[in-house]
Amino acid sequence: MPTALITGITGQDGSYLAEKLLQEGYDVVGMVRRTSVINLDRLQHIEDRITLVQGDLLDEVSLISVLREFEPTEIYNLAAMSFVPTSWQQPVLTGEATALGVTRMLDAIRMTNKAIRFYQASSSEMFGKVVEVPQRESTPFHPRSPYGVAKVYGHWITVNYRESYDMHANSGILFNHGSPRRGLEFVERKISLGVAAIKLGQAQELRLGNLEARRDIGFAGDYVRAMWQMLQQDEPGDYVIATGETHSIREICETAFAHVGLDYQDYVVSDPRFYRPAEVDLLVGDASRARETIGWEPQMTFLQLMQAMVDADLQKLESGVKMPNLVEFTTVRY
Ligand code: NDP
Ligand code: GDR
């Protein structure tokens, strides 16, 4: 059986990708960083079918050891400091993990086995202040946050190792994607959870930031399929993965509240504490290259995704699960 290594396996995408690779017959090894509380919530259902190993993108020796021990043929580098507001508060850490972490992994591959196929989790945040609509692989980057800047570095170092060392290094430029497993701080999950709490009488309002920003949002389960497909091609490359539709945060609210028969205008408050020092106003991707070259298409629509997320959060809250209040950790202080 081929072996695949996933960094960031405890995250949203890591859990869906692990499921996909198990289905495809891989031995799945997940790299997990040391934390004081073991955090395998998203992996509970597959924990006995995967192998977890400690390692950290900040520590190159740990990466080399993992590669030597497990000899993967494919590596999916999903680990990153992935929350944009935190990147203004911790810009150096963001650079260490989200940017230099990519070089550490590429170097570990170069030193152990250059034939390993590599996937880098690049981001639509690289387009930032967009110079064309929709955004495609050739669209110039203008990142608007330390996170976006770090991802631009990660993207170009991936391209550079491909060109310098003839490695099968791929960059997936993924637009926003959510799911019921999305981190609570990201906007579509904050909205689905807020809607569920309000519907059940557990909250009275939902405080958000800029309601006019627009995003192209798909389902994480569809997007991890594209990651795997990229690594099955003879030639490595860069691919935009997106739905081609864009929705304002206001529209996301409207859709999610309407699903439970409520009007968002009665509950949503725009709070300046959630505004960012520099915003990405409009993202919408053109995934033609992925469609034509690797045959990728999204299956779940935006409406289906938001409804599924609200339903999952209603179920969670009804079953008595207590959700943390994240205001302290998600407002932008800089
Ligand atoms: P999550 O925030 O859910 O997961 C991030 C993962 O990275 C977690 O497993 C986290 O571990 C791990 N991690 C963070 N720092 C380190 C480190 N120093 N060493 C090892 N592991 C680390 O992100 P997503 O699953 O949503 O996203 C996956 C990747 O795709 C990220 O790189 C993200 O930037 C990128 N991306 C995501 C998009 C999206 O819309 N979801 C769109 C485009 C790109 P822990 O659990 O310990 O915190
Ligand atoms: P983003 O996602 O920055 O696009 O990065 P996020 O959900 O954090 O923000 C999307 C947009 O919503 C606006 N917004 C709010 N955002 C949050 N988090 N909380 C709020 O209360 C709120 N109110 C309005 C934001 O200003 C922004 O315009 C995500 C991450 O998954 C990255 O890792 C990934 O690379 C990109 O998507 C593609």
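Reading the values: the criteria
Residues numbered from 1 in each chain as written. Chains lettered and ligands numbered in written order. Predicted model: local features only at pLDDT ≥ 70, side-chain atom pairs only at ≥ 80, totals over all residues. Heavy atoms only, no water. Helix = DSSP H or I, 4+ residues; strand = E, 2+ residues; numbered from the N terminus. Expected span 1.5 Å × (residues − 1). Contact = heavy atoms within 4.5 Å. Domains from an automatic or database assignment. Buried area = accessible area lost by both parts, 1.4 Å probe. Axes fitted to C-alpha atoms, helices over the stretch in contact; angles between N-to-C directions. Parallel < 35°, antiparallel > 145°, perpendicular 65-115°, else oblique. Left-handed = near helix turned anticlockwise from the far one by under 90°. Nonpolar A, V, L, I, M, F, W, Y, C, P; charged D, E, K, R; others polar.

Taking 1.5 Å of rise per residue, the 17 residues of helix H10 (residues 302–318) would be expected to cover 24 Å, and the 24 Å separating its terminal C-alpha atoms lies within 8% of that figure. Looking at the buried side of H10, the elements it contacts are strand S7 (177–178), helix H6 (187–199), strand S10 (218–219), strand S12 (247–248) and helix H8 (249–259). Just past H10, the residue glycine 320 takes up positive phi, approximately 95°.

Accessible area lost when the parts come together is the quantity often used to give the size of an interface. For the protein, the assigned domains read domain 1 (3–177 + 217–241) and domain 2 (182–216 + 246–283 + 300–328). Here domain 1 and domain 2 have C-alpha centroids that lie 26 Å from each other. Each partner contributes residues to the interface: domain 1 has 23 residues there, and domain 2 has 18 residues. Here domain 1 packs against domain 2, burying approximately 2000 Å² in sum over the two surfaces, 60% of which is carbon and sulfur.

Taken N-terminus to C-terminus, the directions of H8 and H10 make an angle of 55°; their axes are 9 Å apart at the nearest point. In terms of orientation, H8 lies oblique with respect to H10. In the packing of H8 onto H10, the handedness of the crossing is right-handed. Side by side, H8 and H10 meet where Ile252, Thr255, Ala256 and His259 of the first sit next to Phe302, Leu303, Met306, Gln307, Val310 and Asp311 of the second. Grouping the constituent residues of the contact of H8 with H10 by class yields 6 nonpolar, 3 polar and 1 charged.

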